[in-house]
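Given next are the chains, with one letter for each unit.
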Amino acid sequence: SQTIHQWPATLVQPVGSPLSLECTVEGTSNPNLYWYRQAAGRGLQLLFYSVGIGQISSEVPQNLSASRPQDRQFILSSKKLLLSDSGFYLCAWSVGTSEADTQYFGPGTRLTVL
Amino acid sequence: AQKVTQAQTEISVVEKEDVTLDCVYETRDTTYYLFWYKQPPSGELVFLIRRNSFDEQNEISGRYSWNFQKSTSSFNFTITASQVVDSAVYFCALSETLQETSGSRLTFGEGTQLTVNP
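Residues numbered from 1 in each chain as written. Chains lettered and ligands numbered in written order. Predicted model: local features only at pLDDT ≥ 70, side-chain atom pairs only at ≥ 80, totals over all residues. Heavy atoms only, no water.

Some details on the overall build of chain B
The helix and strand inventory of chain B stands at zero helices and twelve strands. Counting from the amino terminus, helix and strand elements in chain B follow one another as β-β-β-β-β-β-β-β-β-β-β-β. Out of the 118 residues in chain B, the part that is buried amounts to 46%. Sequence-distant contacts, at least 24 apart, represent 55% of the contacts inside chain B between residues at least 6 apart. As presented, chain B carries roughly 5700 Å² of accessible surface, and 46% of it is formed by carbon and sulfur atoms. Side chains of chain B carry 9 positive and 15 negative charges; the gap between the two charge centres is 3 Å. (Helix = DSSP H or I, 4+ residues; strand = E, 2+ residues; numbered from the N terminus. Buried < 20%, exposed > 50% of the residue type's maximum accessible area, 1.4 Å probe, protein only. Contact = heavy atoms within 4.5 Å. Areas by Shrake-Rupley, 256 points an atom, 1.4 Å probe, with all protein chains shown as cover. Lys, Arg positive; Asp, Glu negative; His and termini not counted. Charge placed at Lys NZ, Arg CZ, Asp CG, Glu CD.)

What follows is the structure, encoded as structure tokens:
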């Protein structure tokens, strides 16, 4: 069966520091991978998605970036964090090529920028 | 642009009551998919159901049931005989294909916080 991991689970970082969040999927090949952010107030916003190694698409201009160095690994990064980057970051995966594909979410990383 | 509205921000019920969570969506697509997810206090989003726009049959899974009405663009979720463990935030979502690539984008509603009191 497929599983998705995210780490760290929680992170407290000062403004201006770098960021690296990692997501890995097990039990499937060539998944679509997604990064969402959930700010206080509960709405989820798609940040990045990837349909293959090295293929990254950005949904929202910001100081974050994403990379996919391996088939089942997705990394969210920043060179300098802003206060507004605080939130709950969720990684998700799906297989397929249409809007019918169900996305399955990881446990999330709670980021607090001080 | 697609939009999902969950007008109920918070609902509080007593255990064993039935509760319905509302979801209204907007899309120009003729084919689309709707989803419900549950987010317990731990934070992970748990997939509950997927429904395509061509299937208007209601679906029941244990204490959960879903009412899809295309005419009113609604996809409501009912929990029968609610339990304390049902306390969570519930999200309705609408998917669309990402045209420039494969994969899909989920547009989420703002969620409904359900609290079931003993």
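Concerning the environment of Asp-55 of chain B
All names here are of chain B. With respect to the helices and strands, Asp-55 occurs in the loop between β6 (46-52) and β7 (59-61). Note on Asp-55: relative accessible area 28%, which makes it partly exposed. One polar contact links the side chain of Asp-55 to the main-chain amide nitrogen of Gln-57, over a distance of 3.1 Å. (Polar contact = N/O pair within 3.5 Å; in protein donor to acceptor, adjacent residues only side chain to side chain.)

Overview of the interface of chain A and chain B
Between chain A and chain B, the contact holds 27 residues from the first and 31 residues from the second. Taking both sides of the interface into account, the surface hidden between chain A and chain B amounts to around 2300 Å²; carbon and sulfur atoms contribute 51%. Interface area lost by chain A to chain B is led by Arg-42, Glu-99 and Phe-105 of chain A, which between them contribute 31%. Taken together, the links from chain A to chain B amount to one salt bridge. The shortest N-O distance in the salt bridge between Arg-105 of chain B and Glu-59 of chain A comes to 2.7 Å. For the pair chain A and chain B, the interface holds three residue pairs in polar contact (both at pLDDT 80 or more). Residue assignment for the side of chain A that touches chain B shows that the elements contributing at least two residues are β4 (32-38), β5 (44-52), β9 (87-94) and β10 (104-105) of chain A. Considered class by class, the residues forming the side of chain A that touches chain B number twelve nonpolar, eleven polar and four charged. (Buried area = accessible area lost by both parts, 1.4 Å probe. Salt bridge = Lys/Arg side-chain N within 4 Å of Asp/Glu carboxyl O. Nonpolar A, V, L, I, M, F, W, Y, C, P; charged D, E, K, R; others polar.)

Examining the sheet that holds strand β7 (residues 64-70) of chain A
All names here are of chain A. Sheet architecture is open: four strands sit in the order β1-β3-β8-β7, paired in antiparallel fashion. A single partner strand is all that each edge strand has here, and the edge strands are β1 (3-7) and β7. Taking each pair of neighbouring strands and ignoring which way they run, the sheet shows an average axis angle of 20°. Relative to strand β8 (residues 73-78), strand β3 (residues 19-26) runs antiparallel, the two sharing six bridges. Bridged to Thr-24 within β8 is Gln-73. (Pairing = 2+ DSSP bridges. Axes fitted to C-alpha atoms, helices over the stretch in contact; angles between N-to-C directions.)

Topic: the pairing of strand β6 (residues 55-58) of chain A
Residue and element names in this part refer to chain A. Relative to β6, β5 runs antiparallel, the two being bridged by three bridges. Within the sheet, the bridge partner assigned to Tyr-49 lies in β6 and is Ser-57. Here β5 hands over to β6 after two residues, with Gly-54 in that stretch at a positive phi of 75°.

Some points on the packing of aromatic side chains
All chains considered together, the criterion is met by 21 aromatic pairs over all chains. Between Phe-68 of chain B and Phe-75 of chain B, the ring centres sit 5.9 Å apart and the planes meet at 85°, which makes this aromatic pair edge-to-face. Ring geometry for Phe-77 of chain B and Tyr-90 of chain B: centres 5.6 Å apart, planes at 65°, overall edge-to-face. One end of the pair, Phe-77 of chain B, is in strand β9 (residues 74-79); the other, Tyr-90 of chain B, is in strand β10 (residues 88-97), with 13 residues separating them in the sequence. Exposure class is identical for Phe-77 of chain B and Tyr-90 of chain B. Each is buried. Within the aromatic cluster, the residues linked to one another by ring pairs are Tyr-34, Tyr-36, Trp-93, Tyr-104 and Phe-105 of chain A together with Phe-35, Tyr-37, Phe-47, Phe-91 and Phe-108 of chain B. One cation-aromatic arrangement involves Arg-110 of chain A over Phe-88 of chain A; the distance from NZ or CZ to the ring centre is 4.2 Å. Over the aromatic face of Phe-54 of chain B sits the side chain of Lys-70 of chain B, whose NZ or CZ is 5.1 Å from the ring centroid. (Phe/Tyr/Trp six-rings, centres within 6.5 Å; stacked < 30°, edge-to-face > 60°. Lys NZ or Arg CZ within 6 Å of the ring centre and 35° of its normal.)

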